[in-house]
Every structure is written in structure tokens, then in C-alpha cells.
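# Topology and contacts: notes
If you want the building blocks of each chain, they are given just below.
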Amino acid sequence: ETNLFKSSGINAEYGVNVKRCERGSTNESAAENAFARLCYSHHQKSIICDSPPSGDDERLRVVAFVGGLDLTNGRYDTPQHPIFSTLKNRHATDFYQSCATDVRDGVGPRQPWHDIHSYVEGKIAQDVLRNFEERWVKEDDGTCELCEINEDEFNLEDDVYDGEDNWNVQFLRSITSQSCQFSLLDRARKLKTERAEKIEDTIHRAYIHQIRRTQNFVFIENQYFLGSAHVWNDEDKPKKAVNLIAIELVKNIVESIKAGVHHSVYIIIPMYPEGGPETMAVQEILYWQTCTMRMMYASIAQAIEEEGLDTHPTDYLAFFCIGVRGDEIPEDLPEPENDVEITLREKDRFPIYVHSKMMISDDEYIIVGSANINQRSMSGRRDTEMAVGCYQPNFLYQDGQLPAGDVAAFRKSLWVEHMGELQEEFDNPGSLECMRKVKEIAQRNWEKFTADDWDAEDGLQGHLLTYPINVAQDGTVTVVEGYNLFPDSNSEEARVLGKKSMYLLEKITT
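What you are looking at is a predicted structure, and each value in this text was computed from that prediction instead of being measured.

What counts as what
- Residues numbered from 1 in each chain as written.
- Predicted model: local features only at pLDDT ≥ 70, side-chain atom pairs only at ≥ 80, totals over all residues.
- Heavy atoms only, no water.
- Core = buried A, V, L, I, M, F, W, Y, C linked by side-chain atoms within 4.5 Å.
- Buried < 20%, exposed > 50% of the residue type's maximum accessible area, 1.4 Å probe, protein only.
- Helix = DSSP H or I, 4+ residues; strand = E, 2+ residues; numbered from the N terminus.
- Salt bridge = Lys/Arg side-chain N within 4 Å of Asp/Glu carboxyl O.
- Pairing = 2+ DSSP bridges.
- Phe/Tyr/Trp six-rings, centres within 6.5 Å; stacked < 30°, edge-to-face > 60°.
- Patch = residues over 30% accessible without salt bridge, like charges linked within 9 Å, V, L, I, M, F, W, Y side chains within 5 Å.
- Areas by Shrake-Rupley, 256 points an atom, 1.4 Å probe, with all protein chains shown as cover.
- Lys, Arg positive; Asp, Glu negative; His and termini not counted.
- Charge placed at Lys NZ, Arg CZ, Asp CG, Glu CD.
- pLDDT = per-residue confidence, 0-100.
- Contact = heavy atoms within 4.5 Å.
- Arc of directions from axis to C-beta.
- Polar contact = N/O pair within 3.5 Å; in protein donor to acceptor, adjacent residues only side chain to side chain.
- Axes fitted to C-alpha atoms, helices over the stretch in contact; angles between N-to-C directions.
- Parallel < 35°, antiparallel > 145°, perpendicular 65-115°, else oblique.
- Nonpolar A, V, L, I, M, F, W, Y, C, P; charged D, E, K, R; others polar.

The next point concerns the nonpolar core. In terms of nonpolar packing, the biggest core is built from 116 residues, with Phe225, Leu249 and Phe319 touching the most fellow members. By residue number, the principal contributor to this core is helix α6 (residues 280–307), which donates 13 residues.

Scanning the entire structure with this criterion turns up 28 salt bridges. For Asp70, the salt bridge goes to Lys45, with nearest N and O atoms at 2.5 Å. Of this pair, Asp70 sits in the loop between β2 (61–67) and β3 (113–114) while Lys45 sits in the loop between α1 (30–39) and β1 (46–51), and the two are 25 residues apart along the sequence. Exposure remark for Lys45: the relative accessible area of 7% places this residue in the buried category. The partner of Arg61 in a salt bridge is Glu121, and the shortest N-O contact between them spans 2.8 Å. Residue Arg61 is found in strand β2, and its partner Glu121 is found in strand β4 (residues 117–121); the two are separated by 60 residues along the sequence. Shared partners join several salt bridges into a network, and the residues in it are Arg130, Glu134, Arg173 and Glu200.

On to the pairing of strand β7 (residues 197–201). The buried fraction of β7 is high, at 4 of 5 residues. Bridge analysis of strand β6 (residues 192–194) against β7 gives 3 bridges, and the strand direction is antiparallel. Across the sheet, Glu194 pairs through a bridge with Glu197, a residue of β7. Between the end of β6 and the start of β7, which pair antiparallel, lie 2 residues, with Arg195 showing a positive phi angle near 50 degrees.

A few words now on the packing of aromatic side chains. Within the structure shown, the criterion is met by 14 aromatic pairs. Residues Phe132 and Trp136 carry aromatic rings whose centres are separated by 5.7 Å and whose planes lie at 35 degrees to one another, so their mutual orientation is tilted. Separated by 4 residues within a single helix, Phe132 and Trp136 lie in helix α2 (residues 123–139), roughly one turn from each other. Residue classification places Phe132 among the partly exposed residues on the basis of a relative accessible area of 36%. Members of the aromatic cluster, connected to one another through ring pairs, are Phe219, Tyr266, Trp415 and Phe426.

Once that is clear, we can look at a negative patch on the surface. A grouping of Glu148, Glu151, Asp152 and Glu153 is seen on the molecular surface, where their side chains present a negatively charged patch. On the basis of relative accessibility, which here comes to 71%, the residue Asp152 falls in the exposed class.

Interpreting fine coordinate detail is not advised for predicted regions of low pLDDT. Chain-level statistics for the protein chain give a pLDDT mean of 90 and a share of 89% at 70 or above. For the stretch residues 1–5, pLDDT sits under 50, and the model shows 5 contacts to residues farther than four places along the chain or on other chains.

Further remarks concern helix α7 (residues 339–347). Of all the positions in α7, only Val340, Glu341, Leu344 and Arg345 are classed as buried. Considered in projection along α7, the buried side chains sweep an arc of 125 degrees and stay on one side of the axis. In α7, the exposed residues that point more than 90 degrees away from the buried face are Asp339 and Glu346. Against the buried residues of α7 lie β11 (349–351). The N-terminus of α7 is capped by Asn338, whose side-chain oxygen sits 3.1 Å from the backbone nitrogen of Val340. Where α7 ends, the next residue or the one after it, Asp348, has phi of about 55 degrees, a positive value.

For the bond from Gly108 to Pro109, the omega torsion is 5 degrees, close enough to zero to count as cis. In this structure, Pro109 sits in the loop between β2 and β3. Of note, Asp348 is a non-glycine position whose phi angle comes to about 55 degrees, a positive value. Here Asp348 is to be found in the loop between α7 and β11. The exposure class assigned to Asp348 is buried, which follows from its relative accessible area of 10%.

Turning our eyes to something else, we now look at the sheet that holds β2. The strand order across the open sheet built from 3 strands is β1-β2-β4, with neighbouring strands paired in antiparallel fashion. The open sheet is flanked by β1 and β4, the only strands paired with a single partner. Averaged over neighbouring strand pairs, the angle between their axes works out to 20 degrees when direction is ignored. Direction of pairing for β2 relative to β4: antiparallel, over a ladder of 5 bridges.

A word on the packing of helix α5 (residues 245–258) against α6. In contact at an axis separation of 10 Å, α5 and α6 are set at 10 degrees when each is read in the N-to-C sense. In terms of axis orientation, α5 runs roughly parallel to α6. Together, Ala246, Ile247, Leu249, Val250, Ile253, Val254, Ile257 and Lys258 of α5 and Thr292, Met295, Met296, Ser299, Ile300, Ala303, Ile304, Glu306 and Glu307 of α6 make up the contact between the two elements. Here the residues of the contact of α5 with α6 sort into 12 nonpolar, 2 polar and 3 charged.

Put into C-alpha cells, the structure is as follows:
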């Protein structure tokens, strides 16, 4: 029984069935099962549906949507990311705010949201459908059969579009046999086994494969960024946050430095995770994130010193967040009452929450999905995830030249949103000139975002902000002077660099 379709216009008595799948494993102890059910999540986000016929074929087609968007409130937004001006209209019944917990519904600011989702059709859509079927069958108790998708009604043939802009797309997952009835083909090709449990971790493997073959630049947007703890110098490093993404990015940079080639990595994350920057869990996540950054910058700084270069670690690796300031405040909004509401109304600013899970490499390859860059999403044994890895065979990085296909166009459209306009330097993201231009725009925006004497006429150029850390020439990561705490926080616990908890289990926050 569910209230999922209440007020939706859908009659739940006709063809609507919902299954709730608990985390846990029959191969683990009762305590471990209870922990998994409480702390891990089914995190896949997809919709599969029929689509009108195409061409002369009168059969329906199967299409799918895969990415980071949850089907819940607060996710609708525009590239302008309003925080006050739409509270009486567009967001009147869609108010959401989980980063400033004392802000009341309708008072504002709302939590602006940045996310990425994809639309797929053809064989890849059938792979997404198969994932749903395998998940459903695993939970089926015989009381609710899936409707049949047959070739009489649906075009399931392997039609290959051969236009110049065609795509190759691969379906990727983090999942175990506890949550999925794997096919024999999956078992033979890509699964590993731990404790008699079959595990698929193809999202992690795809990230590593693409990072290793990247030659010019990597652009990442993700809700979290932590991992490679096995190479941290910190004594209290977590034992199992060992995904390889951070260290592989660094290895690529270091190898490029030694080869005399510039390589750039741009990473956009939220200013802080959801839940309030002062909360224990958020502080610990921020601490793991800081440890990851310290490891990366120390390695890059060492390579710069060994090669005798006059560059800076942030010339190769730069972290950013995004924010908005200067929205129009309707006169008839309810008056702010508590200190948080008053401060945020006066400052008229708020971080934009980055919920994307995306990587672009060399303008030729893109991963979009539900997986964060942490151990929960990448291990295969924790949260269940899905993603698509995509490229256009006719638009590849060749002979030192970046391709000019749809991946490049999408990356540039994101950069226009983040930085207000296209710059000439954006044509070559791997160059030192481009990295420094992006950092210049982000730093200027940060100074405007945090200024006490805000001039609304001289607004931000887009939304990109320098992430509030200071990186020294030797790779040391510290706070920006004056910003030990996040802007507008009403708590002395809202540390930018985070703090390790004495109580939380590492599996929860990594």
C-alpha cells in the first residue's frame, strides 16, 4: 500500500505496483544485515517508458531516463537558480531547504539545485529496462508479475543509427546479487565474488578506465569527492574508503608534469553536503574530503618541485562550488524571524546544491548517473547505483585535437551557466591559460559572494566560486583567512575543513 500517487492524477488501482526492496544480505550476519538496511540505500534513479513509433515501424519504442535526479520535491530549478523570487509562484508548492534547517517554508531562501540527467533510446534503453526487471524479479513473491514487453508491440530490434552524430552507450552499475537477479552473461563477464555474493562495480571501473586514458583534461561535477584513503598520510584514515578515482586523477597529472605536458582537472562539488554544515555527519564527510584534497595536492606539489617548475598545484587541480547572490525578494514574503532567516534575507545569497554525478574527459566521453564519488557508491556492496558511459565514435580526441561533438557542446553549455559566457580559453580546457582563466572568474565571484558591501549592479559572473580552501605551494591545505567557518553559518561547528567524529561508523560517511 502506498500514497505515492496521491494527488498525482494517477489511479493507483489500474496498473500501478510498487515494491519496497530492503538492503541487507542473506550471506551476512544479522547485525550486518540490520546495519545495511539502516545505513545504505537503493540509490538508482531511472524511468523507463514507451515512446511513439519511429519511421515506418508502427511498434512502440522503449526509452529511458538515467541520472542524478530524484523524483521528489525541490529538484526543479533553472540555470538562474532563484532563491527568493519564485517562492510565491513557481516554487510556492515546491519549497525545499535542507542545508539551512531553521528556514521556514515560504520564508526563504529555498535551496537552489543543480543536477544532470540523461535521455537514452535504442539498445541502451533496453539495458536500463533489464536492470529494472532483474531488480523486480529479485523481490518478486509471485503476487505481482511485470507486464510483458514483446516484439509484437515494441521495436526491440538492434537498429543502429548510422548518422555522423551517433552514440555508443554502455550501462554501468554498482549492485550485488542481494538486490539483483544477475543474468548468466553478467556472471560470466563482469562480476566478482565476496562472501559468496556476486558484485558488479562497473561504474568504478569505467571511471578508472577513462581517467587513465585521458590526455587533456577531466571535468567532474559530483555531490561528494572522497576516496583513495590507502595513500593518505593521515593516521586516522578510514580503512575502506579505497576507491581509486582521486589517486588516478593525481597519477595522470603527475605523469603529465614529468612529460612536460599540461593536464587540468576541474572538480565542482557543493559548498557542503546536505544536512547543515555543523552536523556531525556532514563535518566528518568534509574531513574525509579535506584528507583527499591534501593527498592530491601534496603529490602534485612534489612533482612540480622535482621538475623545477614555477607553476602552482592549483594550476593542475582546482576545486570549485557554485552559489547565487542578488535575487529579487518579493515584498509580500513573510518576515524572517530567527537569526538564520534574518541573516540569509539580508545577505541575499546561498550556495547552489550540486547533486550531479558526472565526469567528462577530453570532450569525448561522459559518464552520467546516480553514483557519487565515495566508497558507498563505488564499492558495489553498499549503495545500489546506475550510470551510462557515452561517447560519439566520430568525435574522438586525436592527434592532440579536442573533438567538437555533443559532449564538447554540453560541457561548454555547463560552463556558460557556471561562468556567464564563453571565453576563448574554454576551447582548450587542458591548457594552463584556461585553468587560470576559470580560477580568475571563480575567485572574483567568491569575493563578490562574500563581500559585506554587496553591489547588486555588479553581480556574479555566472555562479562559479572558488572552493573556500587555501592551497600552499607545497600542497598544504588550510582555510582561507577569515573563513574557518562557512559563510552565514550560525554555529562554531560549521568548519570548512570538517572534523572527524568519535561516534559515527566510517562506513556511513565514506
